[in-house]
Amino acid sequence: MTTPLTAAIEGIGLWAPGVPSWEAFVGLHRGAAAPEAAPARPAPTLLPPNERRRAPDTVLVALQAAQAACEAAGRDPASLPSVFTSTYGELAITDNMCATLARAPTEVSPTRFHNSVHNAAAGYWTIGTGAMEPATAISAGQASFAMGLVEALAQLEAGAQAVLLVAYDGTAVGPLHDVLGSEGLLGMALVLARPGGNDRLQLRLDPDAGAAPVAPRCGIAARNAMAPAALALAEALAGTHGTTALPLGEGRGLRIGLAHG
């Protein structure tokens, strides 16, 4: 039998269209009205204005959620190892580069290329925060969020005091949309730490207890590739108790238990 992995949740960050913060999400989950005049695009302050204009939306939403989670946890972002997980990465730029390669290969933009790589968000984060701790970028299809969580918890088991987990996905365009179907923009981040005696909220992952994934009930970013896992966990966290399951594919799920410490 595998020993369950546990962690304290010190901070949560979330951004989706019309839902610019974790607090706004909790309010919606509990029946409050949607925030008025929510920003149309994330704007993480750790990037200078010129960098924010050039960065793709997937990078911006990842950094916005990550920064909010660190602020909620009271942690210095530069002190945390990080795990960034995205199902597909930056699909709009990938589509543009593929179209350019088919039409005029010599016109591929170096700027677009460096934003297309799967660790682009992790790179912006470590540069923007001055973090020298390890940064990991993960893609595991439908199981991307679950595998990012497993990696973060494994790092805690291996000795890290706290780990930042950041999950995000964006809209697929062109032929990629026909194949992948991801829509909208979604970013969620958790600062996870070794369990202690005064934890407000603990997460427990039991690798031996498979379960059918729980579909999220909220409608925000519902067709985003990260939504089935990230929003299901977000809804469970907003209730601060109970269990949920993160999708692993083929009807399987990874069971997560949540409880007050």
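Each remark here, short or long, concerns the structure printed above.
Residues numbered from 1 in each chain as written. Predicted model: local features only at pLDDT ≥ 70, side-chain atom pairs only at ≥ 80, totals over all residues. Heavy atoms only, no water.

(A) Fine view of the overall build of the chain. In terms of regular secondary structure, the chain is built from 9 helices and 8 strands. For 261 residues, the compact-globule formula gives about 18 Å, and the C-alpha radius of gyration of the chain, at 18 Å, lands near that figure. Counting only residues that meet the buried cut, the chain has 48% of its 261 residues in that class. In the chain, the proportion of contacts linking residues at least 24 apart, taken out of those at least 6 apart, comes to 71%. When the accessible surface of the chain is split by element, carbon and sulfur atoms take 54% of a total near 11,700 Å². Computed over 15 positive and 21 negative side-chain charges, the inter-centroid distance for the chain is 3 Å. (Helix = DSSP H or I, 4+ residues; strand = E, 2+ residues; numbered from the N terminus. Rg over C-alpha atoms; globule rule 2.2 N^0.38 Å. Buried < 20%, exposed > 50% of the residue type's maximum accessible area, 1.4 Å probe, protein only. Contact = heavy atoms within 4.5 Å. Areas by Shrake-Rupley, 256 points an atom, 1.4 Å probe, with all protein chains shown as cover. Lys, Arg positive; Asp, Glu negative; His and termini not counted. Charge placed at Lys NZ, Arg CZ, Asp CG, Glu CD.)

(B) The arrangement of unusual backbone geometry in detail. Unlike most non-glycine residues, Ala37 shows phi in positive territory, near 55°. One non-glycine residue with positive phi stands out, namely Ala221, at about 45°. Mapped onto the fold, Ala221 is located in the loop between strand S6 (202–210) and helix H9 (227–239). Owing to a relative accessible area of 14%, Ala221 belongs among the buried residues under this scheme.

(C) Up close: the side chain of Thr58. Mapped onto the elements, Thr58 comes out in helix H3 (residues 57–73). At 2.4 Å, the side chain of Thr58 forms a polar contact with the side chain of Glu90. Among residues more than four places away in sequence, those in contact with Thr58 are Gly89, Glu90, Tyr168, Asp169, Gly170 and Leu185. (Polar contact = N/O pair within 3.5 Å; in protein donor to acceptor, adjacent residues only side chain to side chain.)

(D) Local environment of the environment of His177. Within the secondary structure layout, His177 lies in helix H8 (residues 175–180). Taking the C-alpha atoms as reference points, His177 and Gly239, 62 residues apart in sequence, are found 33 Å from one another. The contacts of His177, once residues within four sequence positions are left out, are Ala172, Ser182 and Glu183. Looking at His177, its side chain comes within polar contact range of the side chain of Glu183, at 2.9 Å.

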